[in-house]
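Next come the chains, spelled out residue by residue.
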Amino acid sequence: MSATDTARSTAPLLSVRELKKHFPIHGGILGRQQAVVQAVDGVSFEVAAGETLGIVGESGCGKSTTAKLLIGLTQMDEGDIVLDGRRLGPDMSLKALRRDIQMVFQDSYASLNPRMTIGDSVAFGARVQGLDDPQGRARRLMARVGLDPDRFAGRYPHELSGGQRQRVNIARALAMSPKVVVLDEAVSALDKSVEAQVLNLLADLREEFGLTYIFISHDLNVVRYISDRILVMYLGEVVEVAPVDDIWNAPAHPYTRSLFSAMPSMDPDNRTTKPPLSGDPPNPIDPPSGCRFHTRCPMASEVCKRKHPVLGRMGQGSPHWVACHLHDPASGHPKAAEGASV
Ligand code: SF4
């Protein structure tokens, strides 16, 4: 079993193994490589069919690069992507991957061709992939996402509101009949009332079409609402993954706790007294040794500076995984022997 097995007993639909993407930085007169940004560094996870995996973390933690690697927009340096038993490369072409995994981006306007009508945009991918009746498919999906095709099919993106454009992008993704949809901050730019409508639409579509979502957002409340499990990333690595209620009620990694404690509360009686996360994330060009979080962690000890923590279960058979020496009695961390509730 992998370190990020799903909570469900079914075989994973999507399996990501040791995904790596380092971006070289060139400079000087000769344009030589001077450094490497470790954007994604050994990320592994699995997603079951019909599941929604939420991915959270600060800006620059690698969640959006992970999304782009998943749909082949960015080429991985190392790792494996296995979808429905087929491995990218030997068993599955990039074109086939893009049909089975679709993505909805944050910027609804930049995602659409401004010179293409809405109807043509929704039908475009299906036409390129040689699917039956792309125009009819586009009209049916437009109606399903709440856009009357008679009114909207002939319009251009600039004639629509942000919420309507995001509905177009969702319809366009579904036109390929994908197995997995990656939603990268897909509702973040919308007004709160529109955001709620689009979230409900996504939840309905997941049931109706049997979709699997990877939902990336900086808004923890939104991630909690839509996700079955939450995966937390820090500086290009996975530091915690667990079913949504487990991680919400008892976050185990000090970074996850800091993220949650920094959430604003609308309830004056429920204001946190915990200190928010201090300092900026370290430079991903030269990440700290050992645990990458040790420069900001209130629980760091000597061992954290030397030893890299690996993702391990919180208990035998537990679906809650964490990469922190506090939860590993063999790590040598002085607090580890006191148990996981430190
Ligand atoms: Fe903090 Fe050490 Fe755990 Fe890293 S391994 S999160 S530094 S206690």
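Residues numbered from 1 in each chain as written. Predicted model: local features only at pLDDT ≥ 70, side-chain atom pairs only at ≥ 80, totals over all residues. Heavy atoms only, no water.

Brief notes about the site of the ligand
Here is step 1 of the chain: Close contacts around the ligand come from 13 residues, with C291, C297, C304, C324 and H325 the closest.
Here is step 2 of the chain: For the shell around the ligand, the residue count by class is 9 nonpolar, 4 polar and no charged. (Near = heavy atom within 4 Å. Nonpolar A, V, L, I, M, F, W, Y, C, P; charged D, E, K, R; others polar.)

Regarding the side chain of T52
Here is step 1 of the chain: With respect to the element layout, T52 can be found in strand β3 (residues 52-56).
Here is step 2 of the chain: Exposure remark for T52: the relative accessible area of 0% places this residue in the buried category.
Here is step 3 of the chain: Setting aside residues no more than four positions away along its own chain, T52 makes contact with R206, Y213, F215, I226, S227, D228 and R229. (Helix = DSSP H or I, 4+ residues; strand = E, 2+ residues; numbered from the N terminus. Buried < 20%, exposed > 50% of the residue type's maximum accessible area, 1.4 Å probe, protein only. Contact = heavy atoms within 4.5 Å.)

Here's the deal with the sheet that holds strand β4 (residues 78-83)
Hydrogen bonds between backbone atoms are what pair the strands of a sheet, whose relative direction is either parallel or antiparallel.
Here is step 1 of the chain: Read from one edge of the open sheet, 4 strands run β2-β1-β4-β5, paired in antiparallel fashion. Of all strands in the sheet, those bounded by a partner on one side alone are β2 (32-48) and β5 (86-87).
Here is step 2 of the chain: As judged from the 13 bridges shared by strand β1 (residues 12-27) and β2, these two strands associate in the antiparallel manner. Looking at β2, one finds that K20 is bridged to D41. (Pairing = 2+ DSSP bridges.)

Examining the pairing of β2
As a general feature of sheets, a regular strand has side chains that alternate between the two faces.
Here is step 1 of the chain: Burial analysis of β2 places 12 of its 17 residues in the buried class, which makes it a mostly covered element.
Here is step 2 of the chain: Here β1 folds back onto β2 in antiparallel fashion, the turn holding 4 residues, of which G28 has a positive phi close to 75 degrees.

Brief notes about the nonpolar core
Here is step 1 of the chain: Of all hydrophobic cores here, the largest spans 55 residues; its most connected members are I170, L202 and F215.
Here is step 2 of the chain: The leading source of residues in this core is helix α7 (residues 192-209), at 6 residues.
Here is step 3 of the chain: Excluding residues that lie within four positions of it along the chain, L202 makes contacts with I170, L183, V187, Y213, F215 and I226.
Here is step 4 of the chain: Within the second largest apolar cluster, 32 residues are counted, among which are M92, L97, V182 and I214. (Core = buried A, V, L, I, M, F, W, Y, C linked by side-chain atoms within 4.5 Å.)

A closer look at the packing of helix α3 (residues 118-128) against helix α4 (residues 134-144)
Here is step 1 of the chain: Running from amino to carboxyl end, α3 crosses α4 at an angle of 125 degrees, the nearest separation of the two axes being 8 Å. The angle between α3 and α4 falls in the class oblique. Taken as a pair, α3 and α4 cross one another with a handedness that is right-handed. Across the interface between the two elements, I118, G119, D120, V122, A123, A126 and R127 from α3 touch P134, Q135, R137, A138 and M142 from α4.
Here is step 2 of the chain: Residue classes in the contact of α3 with α4 are distributed as 7 nonpolar, 2 polar and 3 charged. (Axes fitted to C-alpha atoms, helices over the stretch in contact; angles between N-to-C directions. Parallel < 35°, antiparallel > 145°, perpendicular 65-115°, else oblique. Left-handed = near helix turned anticlockwise from the far one by under 90°.)

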